[in-house]
Amino acid sequence: MDKTSSAPAGPRGDRRGRNPRGQGERLREDIVDTALRLLDELGDDQTLSMRAVAREVGVAATSMYIHFADRDALVLAALERFHRELVEAVDQAETGAADPAGKLRARVLLLGRWVQEHPGLYKVLHESTLNQRVAMSFKQELAERTTTAVQRCIDAGLAPADDAAKVSLDLRAAVHGAVSMRINQPDLPWPPLEEQVDRFLTKLVGLTPAVGR
């Protein structure tokens, strides 16, 4: 299992034994862990309450406000932490690929698989009301790394010369559209994710199918 599956995992109510009440930084991390798990289950930041998170962690609701001003601050901290772990996992996925094209494909596939494992978190990260109200600048890091991966393909002669930023944006738009539709319209006759990603890489980036694989 990749690193992205670790954050929301863990049974309810198992953290107080490892985290004595009053250990500030450890408590804050437990709150974030719990918020991530609940957000993944709910798929909606508006249905998450500070009181519910406090109950799951095993602390008084007032203790939550020592670490987070309000629910938005908690959700934002949780998403930023999980996005950082996602970036690390996507980077790690590249290590098993032999060339820039394979590395780009590995990045895209890891992102798609993460969404399949955590559709609720994806909805909150990209489709929530908080996403509409708050500029989540940390999400730009993953976009920039995808652009760098596209540029490596161009520099290696594996993709036609083009504006890597524009190609990356087209690719990300296609991938996000595909995974969002898979979540919201699961009954459509979806092909395997790998096949769809290969078509995106061929049509949008210009990789040959053989190179992409």
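Refer to the structure presented above.
As the structure is a computational prediction, the values presented were derived from the model and not from experiment.

1. Let's talk about the pattern of salt bridges
Phase 1: The full count for this structure, using the stated rule, is 16 salt bridges.
Phase 2: With a shortest N-O distance of 3.1 Å, arginine 37 and glutamate 56 are connected by a salt bridge. On the criterion of sequence distance, the pair formed by arginine 37 in helix 1 (residues 24-42) and glutamate 56 in helix 2 (residues 50-57) is long-range, its members being 19 residues apart.
Phase 3: Look at glutamate 56 and you get buried, because its relative accessible area is 18%.
Phase 4: Across the pair aspartate 91 and arginine 145 runs a salt bridge, and its minimum N-O distance is 1.9 Å. Placement of the pair is aspartate 91 in helix 4 (residues 71-93) and arginine 145 in helix 8 (residues 140-155), with a sequence separation of 54 residues.

2. Considerations on the nonpolar core
It is characteristic of soluble globular proteins that their nonpolar side chains tend to be buried jointly.
Phase 1: By size, the foremost hydrophobic cluster in this structure holds 60 residues, and its most contacted members are Leu104 and Trp114.
Phase 2: Contributing elements (two or more residues each) for this core: helix 1, helix 2, helix 4, helix 5 (100-117), helix 6 (119-127), helix 8, helix 9 (164-184) and helix 10 (193-205).
Phase 3: Take this core: its biggest share by element is ten residues, from helix 4.

3. Brief notes about the packing of helix 1 against helix 6
Angle between the axes and distance between the axes are the two parameters that describe a pair of packed helices.
Phase 1: The N-to-C vectors of helix 1 and helix 6 enclose an angle of 95°; their axes lie 6 Å apart at closest approach. By the angle class used here, helix 1 and helix 6 are roughly perpendicular. Of the residues in helix 6, those touching helix 1 at Leu36, Leu39 and Asp40 are Pro119, Gly120, Leu121 and Val124.
Phase 2: The residue makeup of the contact of helix 1 with helix 6, split by class, is five nonpolar, one polar and one charged.

Definitions and cut-offs
- Each chain carries its own residue numbering, running from 1 in the written order of its sequence.
- Confidence filtering applies because this is a predicted model: local features only for residues at pLDDT of at least 70, side-chain atom pairs given and counted only at 80 or more, and all residues used for totals across whole chains, interfaces and linings.
- Excluding hydrogens and water, the side-chain values take into account all heavy atoms of the structure.
- Counted as salt bridges are all cases of a side-chain nitrogen of Lys or Arg within 4 Å of a carboxyl oxygen of Asp or Glu.
- Runs of H or I in DSSP of at least four residues are treated as helices and runs of E of at least two as strands, each being numbered from the N terminus.
- Note on exposure labels: buried denotes an accessible area under 20% of the residue type's maximum, exposed denotes more than 50%, and partly exposed covers the range between, all computed with a 1.4 Å probe on protein chains only.
- The criterion is simple. A nonpolar core is a set of buried Ala, Val, Leu, Ile, Met, Phe, Trp, Tyr and Cys residues joined through side-chain atoms within 4.5 Å.
- Only C-alpha atoms enter the line fits that serve as axes; for helices the fit covers just the stretch in contact. Angles between N-to-C directions range over 0 to 180 degrees.
- For this classification, under 35 degrees means roughly parallel, over 145 means roughly antiparallel, 65 to 115 means roughly perpendicular, and everything else is oblique.
- It only takes one pair of heavy atoms within 4.5 Å for two residues to be counted as in contact.
- Note that Gly is not counted as nonpolar here; it falls among the polar residues with everything else outside the nonpolar set of Ala, Val, Leu, Ile, Met, Phe, Trp, Tyr, Cys and Pro and the charged set of Asp, Glu, Lys and Arg.

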